[in-house]
Amino acid sequence: MQNAIAFAGAEPAPLQLQWETVRIGVADDGAERRSEAEFVLTNRDAKPLPAAGWAIYFDCLADVETGKARGHVDIERVNGGLFRLRPEAGFKALAPGESVHLGLIHPAVLFNADKAPKAPYFVSDAAAEVGHPIVDYRIVLPKLADQVDTNASDRSPPATPGEIFERNRLVADVPEGDLPPVFPTPRRFVRGKGRLVWSAAPRIDADAASANEAEQARVLLAPYFAADAHGGAREPGLALRVGTVAGETSAEAYELTVDRRQGVRITGNTAAGVARGVQSLRDLLPLQFRRGDPVALEAITLVDAPRFAWRGFMLDVARNFQGKQTVFRLLDLMARYKLNTFHFHLTDDEGWRLEIAGLPELTSFGARRGHTTDEAEHLFPAFGSGPDVDDAYGSGHYTRADYIEILRYAAARHIEVIPEIEMPGHARAAIKAMAFRARRIAQAGGADANALLLADPGDQSTYHSAQLYADNVMDPGLESTYAFIERVVADLVAMHAQAGVPLATLHVGGDEVPAGAWDHSPAVRQLMQREHLDSTAQVWDVFYDRVDRILRAHGIAATGWEELGARRTALRGKSVLIPNPAFVQRGFTLQVWNDTRGAEDLAYRLANAGYDVVLSPATNLYADMAYSQDPAEPGMNWAAYVDLDGVYDFIPFDFTRKSATDATLVAGRDGLTEYGQRHVRGVEMALFGENLRDPARIDYLVMPRLLGAAELGWAADPAWTREADPARAASAHAAAWSVFVNEVGKRMLPRLVAEHADVACRIPLPGLKRVGDEVQANMQIPGFTLRYRSDGGEPDAGSPVVSGPLRERGSLRVAAFDASGRRGRSAQIDNP
């Protein structure tokens, strides 16, 4: 192009781009949810930016209205959440150092850094296949006071320091001696007399079934003792046995006894029970110690077992890829807190992350994202991956060897890995990869190029998925679709067998298939004629009947999102989900995420109908949700804001009540019957990956909320859940909540620091309130050190400690520090 900026290779563009909101709000009638924002584009080059012949690409979770926009630009949707901004007539060349304001309209009213446009890059028409990242990209967050939460309620997490202070007033200080001895809260325990003292590493006596757990115990105890110090045969040691735990039937049940003469004995119903007992031994070990000093353990007897057999955590690696070490670290956290099910979300629209034998295109195409005009070789960018096809989060996959290593690592910790292969929706990466495969084979003159196609080339169906894709649903009318599924399932079975961990359960997706997806597919039309089906809605049953038969042939059980066992119908003119009678007897397990408006009781209706369910309510157990509406808090907000108390307050068998402390059933919602209770298999925390481009971000979103999920899955409901009187329930709730957060803050989080677990947990924002002429501070989680400054500056490790009310004048900033000196965000209040 004439006078174009010339860049070498894919070097960064010499531009600065800034995004900020201009007006956040709703229309007068309250029906319109939209906000005005703008890009400020500045030319940092020595040459002018031409008036035409270029484009800026970006992706945006908050969505953007397309069409002509302020500043003489046009915005178009490339695909899904990827947009392209082009200058149009009236745009003037931008001189060096000059800036221009370009308007954007977002159909949203709540923002944080994750909802702002991401990963902008510049493309010249003269080199349309090359994207140049705009590395000088800045996001100016709106003020908290400007946020408009149209769904705010008394359950919304507090965001301002004053609101946080009032919430934190419920928390009482609980002496460590009054806290449960291990985490999660054990079923029963009796404290004994005296103490066991180990002056050297105890001898570990394990039966053959507990050999793996013996090695884990050695690793656990090693930091406490000198390398050459070992206890003798006559000294009290550590005995690990698989046996029988009286009164407990769970495979993970264990009994742990600490006796000053007999030492420590852990007996589990299985090796998994022994492993859970070893983790409880970890909690009994001293938090503060000096290597080589004697280790003292208070005498105690614990008998413990989990409430639910399914205590899960889901990691999405499809939207942004996570390396093997990140997975290992999360598995270690799960084992530490006695979680036992790792749901591995391996595929989605934006990526296929697992090598499958004989189908290299799934990873050579479907696991790679970067700038492209036509997706001829790889997928479009998404979720911040930008133009670089070598971006470590946008591109990447697990080799077969990687996956087998992950399986073995999890199995050693008695964690079942349940892989997820999304189908029929959320399958864009697979669909495009198999189309690429067909093109490659056809161009080479090969036979059966279409043998594994997932979309009918003649399909004229029009639809838009939840993520605004128009081409992300497999076609159930094609035999090639089932051939593909069989190939993938067979290879998963083979990898699990090679790992020595048979595949027992496969998560087969099933969520968010958009209306209209199959309406004009010739293959689906033929299928309907053959099967005498009245509507495309019935095609669902045919599809999953075929999938289930494939799985059963391999001895695999099916689990999936709730839509797997639901049927969409109309009620008073509105679309609703009801239990689908077609699959009740198939043994499907449904993971129920949707408890949003209108579906609050869906999980109970499915369980009451006879489906096994796992509870993953988005408003309580989605770890990708932001902690509050504070723009500085990262995460999503489409379902809710979820703080630690939002996890803790979830009552698995009674969440259609009015509130945590009011057991009255909300009118119009179904409760859970006794029959339905028997079909609740457990709970699972989910972490979707749209914004996971930093391991520290994973830590921040997961911890300490994972502790709440662990408590829900293992421990019995607290007494406050059974209290009918709201006032007494509120009092009991405050007491139990105080015990929980004291346990988290005084034991669980400091132990992660002491053991160098390298987990950057979220440190809560302090609460602040001006009372008279002084400022009071408090914390949601006790155990942190508060430091402050009165000059408006950020507190550091050398700042004064908050030891009582603050009487200094000025702009006070208070921040919490953990045992390692790591600091959380600061809260500010003026004390004039």
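Everything discussed here concerns the structure shown above.
**Student:** Residues and numbers for helix 1 (residues 161-168), please.
**Tutor:** Of all the positions in helix 1, only Ile164, Phe165, Arg167 and Asn168 are classed as buried. Looking straight down helix 1, one finds its buried side chains confined to an arc of 165 degrees; they lie on one side.

**Student:** If you had to explain the layout of surface pockets to someone new, which residues and values would you point to?
**Tutor:** Computed from the structure, the second largest pocket encloses a volume of approximately 590 Å³. Forming the walls of the second largest pocket are 23 residues, and the residues nearest its centre are Val219, Arg282, Asp332, Arg336 and Glu755. Of all the secondary structure elements, the ones that give two or more residues to the lining of the second largest pocket are helix 2 (211-221), helix 3 (271-284), helix 4 (324-336) and helix 17 (726-754). Sorting elements by how many residues they give to the lining of the second largest pocket places helix 4 first, with five residues. Class assignment of the residues belonging to the lining of the second largest pocket gives a composition of 13 nonpolar, three polar and seven charged.

**Student:** Can you explain the pattern of salt bridges? Please cite residues and give values.
**Tutor:** Per the stated rule, a full pass over the model turns up 61 salt bridges. A salt bridge links Arg70 to Glu38, with the shortest nitrogen-to-oxygen separation between them at 3.1 Å. On the criterion of sequence distance, the pair formed by Arg70 in the loop between strand 4 (67-69) and strand 5 (73-79) and Glu38 in strand 2 (residues 33-43) is long-range, its members being 32 residues apart. The partner of Glu252 in a salt bridge is Arg276, with the nearest N and O atoms 2.9 Å apart. In this pair, Glu252 is assigned in the loop between strand 13 (238-242) and strand 14 (254-259) and Arg276 in helix 3, connecting sequence segments 24 residues apart. Residue classification places Glu252 among the buried residues on the basis of a relative accessible area of 7%.

**Student:** Can you explain empty space enclosed by the protein? Please cite residues and give values.
**Tutor:** Evaluated as defined, the whole model comprises seven cavities of 30 Å³ or more. By volume, the largest cavity amounts to about 110 Å³. Lining the largest cavity are 14 residues, and of these Tyr648, Glu711, Leu712, Ala716 and Pro718 sit closest to its centre. The greatest single-element share of the lining of the largest cavity, amounting to three residues, is contributed by helix 16 (residues 705-714). Of the residues contributing to the lining of the largest cavity, the split by class is nine nonpolar, two polar and three charged.

**Student:** Go over the packing of aromatic side chains with me, naming the residues and quoting the values.
**Tutor:** Any pair of aromatic rings gets described here by the distance separating the centres and the angle formed by the planes. Within this structure, the stated rule accounts for 32 aromatic pairs. Among the aromatic residues, those joined into a cluster by ring pairs are Phe183, Tyr337, Tyr648, Trp720, Trp737 and Phe740.

**Student:** Please give an account of the sheet that holds strand 8 (residues 118-124) that cites residues and values.
**Tutor:** With respect to topology, six strands assemble into an open sheet ordered 4-5-6-3-8-9, the strand pairing being antiparallel. Two strands bound the open sheet, and with one partner strand each, they are strand 4 and strand 9 (132-133). Where strand 4 and strand 5 come together, three bridges link them in antiparallel fashion. Residue Gly67 lies in a different strand from strand 5, and its bridge partner there is Ile75.

What counts and how
Residues numbered from 1 in each chain as written. Predicted model: local features only at pLDDT ≥ 70, side-chain atom pairs only at ≥ 80, totals over all residues. Heavy atoms only, no water. Buried < 20%, exposed > 50% of the residue type's maximum accessible area, 1.4 Å probe, protein only. Helix = DSSP H or I, 4+ residues; strand = E, 2+ residues; numbered from the N terminus. Arc of directions from axis to C-beta. 1 Å grid on protein atoms, 1.4 Å probe; cavity = no way out; pocket = protein on both sides within 12 Å on 5 of 7 lines; lining within 4 Å. Points joined across faces, edges and corners; volume = space filled by probe spheres on them. Nonpolar A, V, L, I, M, F, W, Y, C, P; charged D, E, K, R; others polar. Salt bridge = Lys/Arg side-chain N within 4 Å of Asp/Glu carboxyl O. Phe/Tyr/Trp six-rings, centres within 6.5 Å; stacked < 30°, edge-to-face > 60°. Pairing = 2+ DSSP bridges.

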